[in-house]
Structures are given as C-alpha cells and as structure tokens.
Amino acid sequence: MAVDLPEVIDRYFRAVDDGDLEGFVSCFADTASVADEDRLHEGRAAIRAWRQRTMAAYSYSAEPVTVTPQAGDSYLVLARVSGDFPGSPVELRYRFTLRDDLIGALDIRP
C-alpha cells in the first residue's frame, strides 16, 4: 500500500529500510529530538548513537500504513515494523514534527 508522505518522512523510512545511517541522520534538524522506549535523544549526535545501537541490536523494516496530518507541521504515521526483535511484527505510531523541511521532533509509541 503506497502512502503519500512528506518528502523527509519518506526519506526517513527509506533510510530505515536500507540501513543507511548517514541518510537517516540527515533527515533530522541539528537540534531535533527523538522519544523512543521512554528515552529522549536530543541533537544529531545523540540520534546517531541511538540509531547505531538499534541497528546493532536488530534488523527491521518499517512500512508506513497510514499518514494523518496533525496541527501545524506535524504528521502521525502508523507503520508496520517487522524484523528480528521480540514481538515482531508490531504497529507503531510515529509522530513527526517538521521544521525547515527536516524532522524537528519524533515520538515513537506502540
């Protein structure tokens, strides 16, 4: 199912699926934050380290199922995440807030 995503969110999911660390990090603003598994990662260096840890622990892909525009430059994306982690596959909610055509904030929840 093809979902019409804003360009930077599409790049984010392609980088996840391709295992492209540099492409992944380039989706984020310098001062971006990511909230995932009750942890907050602030700034590109912390986001890079979070992604490196995730890539070392698991292989997975994420397929966007729906996208719902929210207030301002925010989007809620429901994605089916499959891989070699306990409980796979799962559906996760990704709340993206865009800033200057980059991801300014990302909150990932079940």
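As the structure is a prediction and not an experimental result, all values here were calculated from the model.

## Thoughts on the packing of aromatic side chains
Reasoning step 1: Inspection of the entire model under this criterion finds eleven aromatic pairs.
Reasoning step 2: A ring pair is formed by tyrosine 12 and phenylalanine 28, whose centres lie 6.1 Å apart and whose planes are at 75 degrees; its orientation type is edge-to-face. A residue pair is termed long-range when its members are at least 10 positions apart, and tyrosine 12 in helix 1 (residues 7-18) and phenylalanine 28 in strand 1 (residues 28-36) qualify at 16 residues. Here tyrosine 12 matches phenylalanine 28 in class, with each residue buried.
Reasoning step 3: Summarising the aromatic geometry, the rings of tyrosine 12 and tyrosine 94 are spaced 6.1 Å apart at their centres and angled 70 degrees between planes, so their arrangement reads as edge-to-face. Of this pair, tyrosine 12 sits in helix 1 while tyrosine 94 sits in strand 5 (residues 90-99), and the two are 82 residues apart along the sequence.
Reasoning step 4: For tyrosine 12, a relative accessible area of 2% gives the class buried.
Reasoning step 5: Taken together, the ring pairs connect Tyr12, Phe13, Phe24, Phe28, Trp50, Tyr94 and Phe96 into an aromatic cluster.

## Considering the sheet that holds strand 5
Reasoning step 1: With mixed pairing, six strands are arranged side by side in an open sheet as 2-1-6-5-4-3. Bordering the open sheet on either side are strand 2 (39-42) and strand 3 (60-69), each of which pairs with just one other strand. Between one strand and the next, the sheet's axes are offset by a mean angle of 20 degrees, whatever the strand orientation.
Reasoning step 2: In this sheet, strand 5 lies alongside strand 4 (residues 74-83) in antiparallel orientation, the contact comprising eight bridges. Bridging from a neighbouring strand, leucine 78 pairs with arginine 93 of strand 5.
Reasoning step 3: Contacts from helix 3 (residues 44-57) reach strand 1, strand 2, strand 3 and strand 6 (102-109) within the one sheet, and its direction differs from that of strand 1 by about 45 degrees.

## Considerations on helix 1
Working note: α-helix, 3.6 residues per turn, so residues spaced by three or four point in the same direction.
Reasoning step 1: The end-to-end C-alpha distance of helix 1, which contains twelve residues, comes to 16 Å, matching closely the 16 Å that a straight helix rising 1.5 Å per residue would cover.
Reasoning step 2: Following helix 1 by one or two positions, glycine 19 has its phi on the positive side, about 65 degrees.

## Quick notes on the pattern of salt bridges
Reasoning step 1: Applying the stated criterion to the full structure yields six salt bridges.
Reasoning step 2: Here arginine 48 ties to glutamate 22 by a salt bridge, and the two come within 2.7 Å at their closest N and O atoms. Placement of the pair is arginine 48 in helix 3 and glutamate 22 in helix 2 (residues 21-25), with a sequence separation of 26 residues.
Reasoning step 3: Notably, a salt bridge pairs arginine 44 with aspartate 30, separated by 3.4 Å at the nearest N-O pair. Of this pair, arginine 44 sits in helix 3 while aspartate 30 is found in strand 1, placing the two residues 14 residues apart along the sequence.
Reasoning step 4: Residue classification places arginine 44 among the partly exposed positions, given a relative accessible area of 29%.

## Describing the UniProt feature "domain: SnoaL-like" (unreviewed entry) in the chain
Reasoning step 1: Sites flagged by UniProt as "domain: SnoaL-like" (unreviewed entry) map to residues 10-99.
Reasoning step 2: Secondary structure content for residues 10-99 is 31% helix and 48% strand, while the C-alpha to C-alpha distance between its ends is 15 Å.

## Here we look at the pairing of strand 3
Reasoning step 1: Taken together, the nine bridges between strand 3 and strand 4 define a ladder with antiparallel strand orientation. Within strand 4, the position partnered with proline 69 by the bridge is tyrosine 75.

What counts and how
Residues numbered from 1 in each chain as written. Predicted model: local features only at pLDDT ≥ 70, side-chain atom pairs only at ≥ 80, totals over all residues. Heavy atoms only, no water. Phe/Tyr/Trp six-rings, centres within 6.5 Å; stacked < 30°, edge-to-face > 60°. Helix = DSSP H or I, 4+ residues; strand = E, 2+ residues; numbered from the N terminus. Buried < 20%, exposed > 50% of the residue type's maximum accessible area, 1.4 Å probe, protein only. Pairing = 2+ DSSP bridges. Axes fitted to C-alpha atoms, helices over the stretch in contact; angles between N-to-C directions. Contact = heavy atoms within 4.5 Å. Expected span 1.5 Å × (residues − 1). Salt bridge = Lys/Arg side-chain N within 4 Å of Asp/Glu carboxyl O. UniProt positions renumbered as here; feature names shortened; annotations may be inferred.

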